[in-house]
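# Report on the structure
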Amino acid sequence: MEVGAAASGNSIAAVNAGGFGEWRLVLDSLQSLENRQAAARAELQSLHRKLQNRAEAAAAVQAVHEQEIAGLRAAQAAAVVQFERRSRALAAHASRARQMSSRARTVSLKARVAVQQARADAEAAEAQVQAANSVLAARAAERTKLRARVEELERKLEAQSLLGRRQATLLDDAAEALRDICSAATPAAAAVLAGSPGA
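Parameters and conventions
- Residues numbered from 1 in each chain as written.
- Predicted model: local features only at pLDDT ≥ 70, side-chain atom pairs only at ≥ 80, totals over all residues.
- Heavy atoms only, no water.
- Helix = DSSP H or I, 4+ residues; strand = E, 2+ residues; numbered from the N terminus.
- Buried < 20%, exposed > 50% of the residue type's maximum accessible area, 1.4 Å probe, protein only.
- Contact = heavy atoms within 4.5 Å.
- Areas by Shrake-Rupley, 256 points an atom, 1.4 Å probe, with all protein chains shown as cover.
- Salt bridge = Lys/Arg side-chain N within 4 Å of Asp/Glu carboxyl O.
- pLDDT = per-residue confidence, 0-100.
- Core = buried A, V, L, I, M, F, W, Y, C linked by side-chain atoms within 4.5 Å.
- Polar contact = N/O pair within 3.5 Å; in protein donor to acceptor, adjacent residues only side chain to side chain.

### A word on the overall build of the chain
Scanning the chain from N- to C-terminus turns up two helices and zero strands. Put simply, the chain has 199 residues, and 17% of those count as buried. Residue pairs in contact within the chain that sit at least 24 positions apart in sequence constitute 91% of those at least 6 positions apart. Carbon and sulfur atoms form 58% of the exposed surface of the chain, whose accessible area is close to 14,000 Å².

Rendered as structure tokens:
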């Protein structure tokens, strides 16, 4: 009888030791998952801050570029007005060219130079406008990549949260089973303790 009780007590201790080892692994896994979730949240918050900072910087750069573009357009408009004025002046000089051929040639040369300069200024302004548009397009592409990264991290965080909830449910079920095991083991342990003085 005593040998049977001792064997029963050893079996219960082995079961309890194995069960606690498994639950220790489950608790360690749950802690590791929580640490990964905290790291993912921190990275997500950092990316949000970087995205906001870059968006603000891009908005500031865009405002500066818009001011520069407005200035370039104003300069281009002024150059066009100046070109038209010079063209009118050239037409007036051409009407008098028949009487003053020497002065007409000089005026024509100056007008040619002015036209070339006006065209060069217009081309330079157009090139600056295109460069500004390229910079804005690059900024937009970068913002798109950052948004995609944030969305990917949010999806990963949601998946990890779902896994955490499932593990929490498993942990609750395991705890309930462990309580049942402990409840079942209590009478056998009491019997072992009762038989110990007689040994």
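Structure's up, so let's keep going.
### Notes on the pattern of salt bridges
This structure, assessed with the given rule, holds seven salt bridges. Here the salt bridges share partners, and the residues they tie into one network are Glu43, Arg149, Glu152 and Lys156.

### Observations concerning the confidence of the model for the chain
Interpretation of this model should avoid reading the predicted coordinates in detail wherever pLDDT is low. Averaged over all residues, the pLDDT of the chain is 78; the fraction at 70 or higher stands at 80%. Contacts from residues 1-15, a stretch scored under 50 in pLDDT, to residues over four places away or in other chains number nine contacts.

### Notes on the nonpolar core
Residues Ala40, Leu44, Leu47, Val150, Leu153 and Leu157 constitute the largest nonpolar core, which totals six residues. For this core, the secondary structure elements donating two or more residues are α1 (2-95) and α2 (101-195). Counting residues in hydrophobic clusters, the runner-up holds five residues, among them Trp23, Leu171, Ala174 and Leu178.

### A short note on the side chain of Ser161
With respect to the helices, strands and loops of the structure, Ser161 is situated in helix α2. A polar contact is formed between the side chain of Ser161 and the backbone oxygen of Leu157, at a distance of 2.8 Å.

### A closer look at the environment of Ala79
Relative to the helices and strands, Ala79 resides in helix α1. Looking at Ala79, the relative accessible area reads 18%, which means it is buried. Along the sequence, Ala79 and Gln117 sit 38 residues apart, while their C-alpha atoms lie 9.4 Å from each other.

### Some details on the environment of Ser46
If you trace the backbone, Ser46 turns up in helix α1. For Ser46, a relative accessible area of 24% puts it in the partly exposed group. It is 9.9 Å that separates the C-alpha atoms of Ser46 and Val150, two residues lying 104 residues apart in sequence.

### Re the environment of Ala111
Along the polypeptide, Ala111 turns up in helix α2. Counting along the chain gives 24 residues from Ala111 to Ser87, while the straight-line C-alpha distance between them is 7.7 Å.

### With respect to the side chain of Gln37
As for its position among the elements, Gln37 is in helix α1. For Gln37, a relative accessible area of 9% translates into the label buried. Gln37 has contacts with Leu157, Gln160, Ser161 and Gly164, leaving out every residue within four places of it along the chain.

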